[in-house]
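Descriptive analysis of the structure
Each chain is listed here by its residues.
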Amino acid sequence: MIAELVLSGKTVREVADEYGLSQTAIRNWVKKKTPIDVKGDTTNLEEILKIKKENARLKEENDI
């Protein structure tokens with residue numbers, strides 16, 4: 001929710017002051033939620049990390 005506030009137009013400083021959070025934490029959350037264009041498809045860092053984790057699990061299952 002906090003990252004969505006910044007992505008919708010509020011500044012990191014405004015959100016940090018309003019919710020009593022550090023600007024660094026907010027920037028990290030925004031970085032994870034910022035859309036990334038991948039070959040015409042849109043995703044974000046959080047989704048990519050989730051897919052990589054699942055891929056590693058599937059590779060391990062395949063090896064077994």
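Report on the accompanying structure.

Thresholds applied
- Residues numbered from 1 in each chain as written.
- Predicted model: local features only at pLDDT ≥ 70, side-chain atom pairs only at ≥ 80, totals over all residues.
- Heavy atoms only, no water.
- Patch = residues over 30% accessible without salt bridge, like charges linked within 9 Å, V, L, I, M, F, W, Y side chains within 5 Å.
- Areas by Shrake-Rupley, 256 points an atom, 1.4 Å probe, with all protein chains shown as cover.
- Salt bridge = Lys/Arg side-chain N within 4 Å of Asp/Glu carboxyl O.
- Helix = DSSP H or I, 4+ residues; strand = E, 2+ residues; numbered from the N terminus.
- Axes fitted to C-alpha atoms, helices over the stretch in contact; angles between N-to-C directions.
- Parallel < 35°, antiparallel > 145°, perpendicular 65-115°, else oblique.
- Left-handed = near helix turned anticlockwise from the far one by under 90°.
- Contact = heavy atoms within 4.5 Å.
- Nonpolar A, V, L, I, M, F, W, Y, C, P; charged D, E, K, R; others polar.

To continue, consider a nonpolar patch on the surface. Together, M1, Y19, L21 and W29 line one region of the surface with nonpolar side chains, adding up to about 420 Å² of accessible area. With respect to the helices and strands, the residue L21 is situated in the loop between α2 (12–19) and α3 (23–33).

We now examine the packing of α2 against α3. Their axes nearest at 9 Å, the elements α2 and α3 cross at an angle of 120 degrees. Accordingly, the angle class assigned to the pair α2 and α3 is oblique. Crossing of α2 over α3 shows right-handed handedness. Taking contact as the criterion, the partners of V12, R13, V15 and A16 in α2 are, on α3, Q23, I26 and R27. Residue composition of the contact of α2 with α3, grouped by class: four nonpolar, one polar and two charged.

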